[in-house]
Structures are given as structure tokens and as C-alpha cells.
Amino acid sequence: MRLGNWLTARRVDLLLAVAATVAAGSGLASWAVGTGWARWLTVMHALAGLSLLALAPAKLRGSVRSGLKRRRATRWLSMLLGALVTATVVLGVLHATGLWHGVGYWSALWTHVLLAALLAPLLVWHIVSRPGRPKVVDLDRRALIGGGIALAAAGAVYWIQQLAVGDNRRFTGSHEIASFNPSQMPTTMWLNDQSPRVVASDWELTVAGEPVALDTLGARAAPVTADLDCTGGWWSRQSWDAVPLSELLPSVDAPTLEVTSLTGYSRLFPARDAANLYLAVGYGGEPLRRGHGSPVRLVVPGRRGFWWVKWVSSIDPVDRPWWLQLPFPLE
């Protein structure tokens, strides 16, 4: 059954807008969350993205065909929007199936996110600039049935995809790589963060204002198995040689801990989570590599990679709430 044969252009546009909004919201949320319930966000994101593909033929046969005939001056922007949406969804599929992981630092997932950010203002312009914008009243019985058919098609494709991929993917959608083999674990940075060149003997680390010697950390470190789940689309399980932060902190009344890197990168954590925050000096009995945070990094089980602060230089109790920070750091 062709959806375009019985769905009006306004209904198709409304369904596409809903799918795009759900895809964007669930995608950002699943990218940030490292706990088990992120699985449902990942599934929601996949179904919304695949629904865009299912609705694309109806869009092409309807308003796209008629719009190109009008030869508007802005038709090239609309065509660019369509190309970006297609590329974004295709990159998402390539990442999910593992058919293409990207080139170097630019993984398929990072490129997927970048293109999604680029198309967002184009999508808003495309909707606002149309005189016949879809309305909520267009979401009638026929639109709901059409959306259900698109969702069912997306679900079938997702099910086939999961059968093909198997158990390699974590619930966040990341693919496993180099578990218990730290020498093969990828080296990635968050945005423009750079690896500092400071030898361990010159490293200064303070916890609540008090200096902590790296030799002391090494002597007290014990194996902690935790999964590093990078937002670049991979995860790796390692045995980290680490010390719980709660063993290093004095009694503090502040509600929040600020963990800061020598590069200036920082993250805020609830002070009550100190027992589940670790300072690692190695993995598998070997010292950390510089790109992995040497000589000391934070290990945060259950959180995505950008919470695992590298090259830790200070940990300070602060009075502001831990959630009063950008969900994704822009540094």
C-alpha cells in the first residue's frame, strides 16, 4: 500500500515533523544516558529515524514533486534539507549495523550527530516558511493509520537489523571493541580537548584542597571492572586499577564534587556518589596511556564517556547543584 495515495501532503508533513522531533529528542537523550533505561531511548530513536525513511516516498510523490514544479528560489535549500535528512538517517543505519564505523576520529555516529545539528535550523525554516503548515487537526484517523503503517515498517527493519548485528551492541547502541585489551582501545577526545604533555613525576593532584601523591594512589589501587561507553559509538570493558573517591575525601558538607582536568575540562557530580567514582592510574596492571588519561583519570560506571574526566588535576567540593551544568560540555 502506498501511503502517498491516501495521505494528504499536510498529513505526511505532520507525520514527518513528529518523527523528526522524536528522533532528535530521543537521540540526544540516549547519547547522554549510560544506564539501562537508555535502551528504550535507543529503540525509540531508531524507530523514529526509520519511520522517516518509510514516509519519504510519500513525501517525494506529494509536496516535493509539486514544490519543484513551482521553481521557488528556495527550492535548493529544501533539496539540501532532504539530502541532509537522508544522509543523517543512512549514517545512523551504518553505525547501528556496524557496516561502517567512520574514518579516524570522525566516526559514523559523530558524523550522524553533526549532520543532525546542521539540519535542525533548516528544518525549522522549512516548516515556518510554508503557508500550508500542518496542524494538529491533520492528525486524524487516516494520519494515525498511516503513521502506524510507517512505524510497523520501521519496526520490521529494526528487528531484522538487530538479528544481523547480534549481541555486539550495548544497550546504548555502541559496539564493543578491545575489551580487556587496553592497548587496542581507541583514543578519543571530547570536542577540542587535547592531551597534555606532563610527566607523572611533575603531576600535581589535589582532593578537597589536599595534595595526593600518585604513588599513594598506585599503592592503594585495586581492580575495578567497568565499561567505558564512548559517545563516538564504541564501548570497552576494562579492569581499571583504581581507588574509590570516598576513600580519599574528608568529610564534606557540600552537595557537589567538581572534577577538573589539567586541560580545564570539568564535570559536576553529586557528593553522595563518591563511593561510585574512582581515580584510576592504570588498567590490567599497566599504567594508563597518555591518550587514555595518564597519569590519573576518573572512572564513572554507568555514565557515558564524557563524564570520565581524563588527566584529573583537582577534585573540589562546591556548593552549587551538580545538575546546574550543560548536559553536554562545550569545551
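Please read these numbers as outputs of a predicted model, since none were measured by experiment.

**Some thoughts on the overall build of the protein chain**
Looking only at helices and strands, the protein chain features 6 helices and 13 strands. Taking the principal axes of the C-alpha coordinates as reference, the protein chain spans close to 70 × 40 × 35 Å. Residue burial in the protein chain is summarised as follows: out of 331 residues, 46% are buried. Across the protein chain, every contact between residues at least 6 apart in sequence was considered, and the portion connecting residues at least 24 apart equals 72%. For the protein chain, the accessible area works out to roughly 16,800 Å², and carbon and sulfur atoms hold 62% of it. Distance between charge centroids for the protein chain: 24 Å, based on 31 positive and 21 negative side chains.

**Section: the sheet that holds strand β13 (residues 312-318)**
If you trace the 5 strands from one edge of the open sheet to the other, you get β5-β4-β13-β8-β9, paired in mixed fashion. Each having just a single partner strand, β5 (210-211) and β9 (266-270) make up the two edges of the open sheet.

**Digging into the nonpolar core**
In terms of nonpolar packing, the biggest core is built from 48 residues, with Leu217, Trp240, Leu279, Leu298 and Val312 touching the most fellow members. For this core, the element with the highest residue contribution is strand β10 (residues 278-283), accounting for 5 residues. Within the second largest apolar cluster, 11 residues are counted, among which are Val12, Leu52, Ala58 and Val89.

**Observations concerning the environment of Asp138**
Mapping Asp138 onto the fold places it in the loop between α4 (108-128) and α5 (141-165). Looking at Asp138, the relative accessible area reads 12%, which means it is buried. For the pair Asp138 and Leu15, spaced 123 residues apart in sequence, the C-alpha separation works out to 9.4 Å. Those residues in contact with Asp138, other than ones at most four positions away along the chain, are Arg10, Arg11, Leu14 and Ala143.

**Description of the pattern of salt bridges**
As enumerated under the stated definition, the model contains 8 salt bridges in all. Ionic pairing is found between Arg170 and Asp229, a salt bridge with its closest N-O pair at 2.7 Å. Of this pair, Arg170 sits in the loop between α5 and β3 (175-176) while Asp229 sits in strand β6 (residues 222-229), placing them 59 residues apart in sequence. Like Arg170, the residue Asp229 is buried in the burial classification. Sharing partners across several salt bridges, the network here consists of Arg170, Asp227, Asp229, Arg237 and Arg304.

**Topic: the environment of Pro250**
Here Pro250 shows up in the loop between β7 (234-244) and β8 (256-261). With relative accessibility at 44%, the residue Pro250 sits in the partly exposed group. With 109 residues separating them along the chain, Pro250 and Arg141 place their C-alpha atoms 62 Å apart.

**As for the packing of helix α1 (residues 9-32) against α4**
Their axes nearest at 12 Å, the elements α1 and α4 cross at an angle of 145°. Remark: the crossing between α1 and α4 carries left-handed chirality. For the pair formed by α1 and α4, the contact residues are Ala17, Ala20 and Trp31 on the first element and Leu109, Trp110, Val113, Leu123 and Ile127 on the second. The class makeup of the residues in the contact of α1 with α4 is 8 nonpolar, no polar and no charged.

**Looking at α4**
The end-to-end C-alpha separation of α4 is 30 Å, in line with the 30 Å expected for 21 residues at 1.5 Å each. Its axis deflected by about 30° at Leu119, α4 carries its strongest bend there, up to four residues before the proline Pro121.

**Re the pairing of β13**
Most of β13 sits inside the fold, with 5 of its 7 residues counted as buried. When strand β4 (residues 206-207) meets β13, the two strands line up parallel, connected through 2 bridges. For Thr206, the partnering residue across the bridge sits in β13 and is Ser314. Looking at chain direction, β8 and β13 are connected through 6 bridges and run antiparallel. Bridge pairing links Thr260 to Ser314 in β13.

**A closer look at the side chain of His95**
You can see His95 is positioned in helix α3 (residues 75-97). Note on His95: relative accessible area 8%, which makes it buried. When sequence neighbours within four positions are dropped, the list of residues in contact with His95 reads Trp100, Ala108, Leu109, Gly173, His175 and Gly233.

Parameters at a glance
- Residues numbered from 1 in each chain as written.
- Predicted model: local features only at pLDDT ≥ 70, side-chain atom pairs only at ≥ 80, totals over all residues.
- Heavy atoms only, no water.
- Helix = DSSP H or I, 4+ residues; strand = E, 2+ residues; numbered from the N terminus.
- Buried < 20%, exposed > 50% of the residue type's maximum accessible area, 1.4 Å probe, protein only.
- Contact = heavy atoms within 4.5 Å.
- Areas by Shrake-Rupley, 256 points an atom, 1.4 Å probe, with all protein chains shown as cover.
- Lys, Arg positive; Asp, Glu negative; His and termini not counted.
- Charge placed at Lys NZ, Arg CZ, Asp CG, Glu CD.
- Pairing = 2+ DSSP bridges.
- Core = buried A, V, L, I, M, F, W, Y, C linked by side-chain atoms within 4.5 Å.
- Salt bridge = Lys/Arg side-chain N within 4 Å of Asp/Glu carboxyl O.
- Axes fitted to C-alpha atoms, helices over the stretch in contact; angles between N-to-C directions.
- Left-handed = near helix turned anticlockwise from the far one by under 90°.
- Nonpolar A, V, L, I, M, F, W, Y, C, P; charged D, E, K, R; others polar.
- Expected span 1.5 Å × (residues − 1).
- Bend = angle between axes of the 7 residues up to and from the residue.

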